[in-house]
Amino acid sequence: MSRTAGSLIGKEIRKNPNLILGLATGSTPIGTYKELIRMHKEENLDFSKVISFNLDEYIGLEGIDQNSYRYFMDKELFNDINIKSENTNVPSGVADDMEKYCELYDTMIDEVGGIDLQVLGIGVNGHIAFNEPADSLSMGSFIVNLTNETISANSRFFDSIDEVPKRAISMGIGNIQKAKKIVLLANGKRKAEIIKKILEDETITTQIPASLLLLHQDVTLIVDEDAYSLVKSEA
Ligand code: F6R
């Protein structure tokens, strides 16, 4: 799975060395990032002109905090490839005016011409980035109150559930839909129900934010056997 995702991303970078790459955190893309590091070291995959934008960040965590997404990205990918640190963008979780910062983040993405390739994971409840199931979803970057389900799913990275921040900044569904190409990654039995639902129901609903990806014209879903295990063969 990680090899497939890595080679798809690598191909896009070789086609366009100035690629604007949207990145996700969480456990799912770690293998893909390892593969990108391997490709950089063994196959000279060059990130020197790549510009990255991450999907989200916890509010209140500085980049040096080990649970921040900035820290995660530095550790899992950026430190081991030749991307310029000034070209790596992870939203700030500590801006003075977070609402204004959301607008700024969208402008930064727009100013470089939008995201060429967006890497996504998916939550067990169908969230993408931190677009949680809701009656309506945000177009641009926004501040979100995390659901109890997401707080509890993410608590595995923290010493205790009380330490999980309750709010995050996240790209909106509009930012994601505007990406020219999307790669959605899902692995493990935990994701089997939601993958089945999206592929088999073919229903678009804001209650399953990832279902909106059915409207995008260039999405590649990369799953392992466990995540695909409940999908009927004809779906
Ligand atoms: C992370 C993100 C989240 C995760 C999702 C799945 O930047 O935006 O939507 O992709 O919560 O997380 P994992 O991969 O840990 O199962």
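Residues numbered from 1 in each chain as written. Predicted model: local features only at pLDDT ≥ 70, side-chain atom pairs only at ≥ 80, totals over all residues. Heavy atoms only, no water.

Asks: Go over the nonpolar core, please, and point to the residues and values.
Replies: Ranked by size, the top nonpolar core spans 70 residues in total, and within it Tyr 33 and Leu 77 carry the most contacts. Those residues within four positions of Leu 77 in sequence are excluded, and the remaining contacts are Leu 23, Tyr 33, Leu 36, Ile 37 and Phe 72. (Core = buried A, V, L, I, M, F, W, Y, C linked by side-chain atoms within 4.5 Å. Buried < 20%, exposed > 50% of the residue type's maximum accessible area, 1.4 Å probe, protein only. Contact = heavy atoms within 4.5 Å.)

Asks: Before we move on, can you summarise the side chain of Asn 131 with the specific residues and values?
Replies: Note on placement: Asn 131 falls in the loop between β5 (117–120) and β6 (142–145). Look at Asn 131 and you get buried, because its relative accessible area is 1%. A distance of 3.0 Å separates the side chain of Asn 131 from the backbone oxygen of Met 171, its partner in a polar contact. A polar atom in the side chain of Asn 131 sits 3.4 Å from the backbone nitrogen of Ile 173. If we skip the residues at most four places from it in the chain, Asn 131 touches Ser 138, Phe 142, Ser 170, Met 171, Gly 172, Ile 173, Ile 176 and Pro 209. (Helix = DSSP H or I, 4+ residues; strand = E, 2+ residues; numbered from the N terminus. Polar contact = N/O pair within 3.5 Å; in protein donor to acceptor, adjacent residues only side chain to side chain.)

Asks: Summarise the pattern of salt bridges; cite the residues concerned and give the values.
Replies: Under the criterion given, the structure shown has 14 salt bridges. Among the salt bridges present, the one from Asp 226 reaches Lys 189, with a minimum N-O distance of 3.2 Å. Linking Asp 226 in helix α8 (residues 225–228) with Lys 189 in the loop between β8 (181–186) and α7 (192–201), this pair joins segments that are 37 residues apart in sequence. Via salt bridges that share partners, Glu 35, Arg 38, Glu 42 and Glu 43 belong to a single interconnected network. (Salt bridge = Lys/Arg side-chain N within 4 Å of Asp/Glu carboxyl O.)

Asks: For the site of the ligand, give the residues involved together with the corresponding values.
Replies: Contacts to the ligand come from 15 residues, most closely from Thr 28, Asp 56, His 127, Ala 129 and Lys 191. The contact in question runs from an oxygen atom of the ligand to an N or O atom on the backbone of Ser 27, over 2.8 Å. The contact in question runs from an oxygen atom of the ligand to an N or O atom on the side chain of Lys 191, over 2.6 Å. With the chains in place, 96% of the 410 Å² that the ligand exposes on its own is no longer accessible. (Near = heavy atom within 4 Å. Areas by Shrake-Rupley, 256 points an atom, 1.4 Å probe, with all protein chains shown as cover.)

Asks: Explain unusual backbone geometry to me, using residue names and the numbers behind them.
Replies: Glycine aside, residues mostly have negative phi angles, and peptide bonds mostly take the trans form. The backbone of Asn 44 shows a phi angle near 55 degrees, a positive value even though the residue is not glycine. The exposure class of Asn 44 is exposed, given its relative accessible area of 63%. Positive phi outside glycine occurs at Ala 129, with the angle close to 50 degrees. Summarising the element assignment, Ala 129 is placed in the loop between β5 and β6. Residue classification places Ala 129 among the buried positions, given a relative accessible area of 7%.

Note that all results are geometric; they support no functional claim without further evidence.
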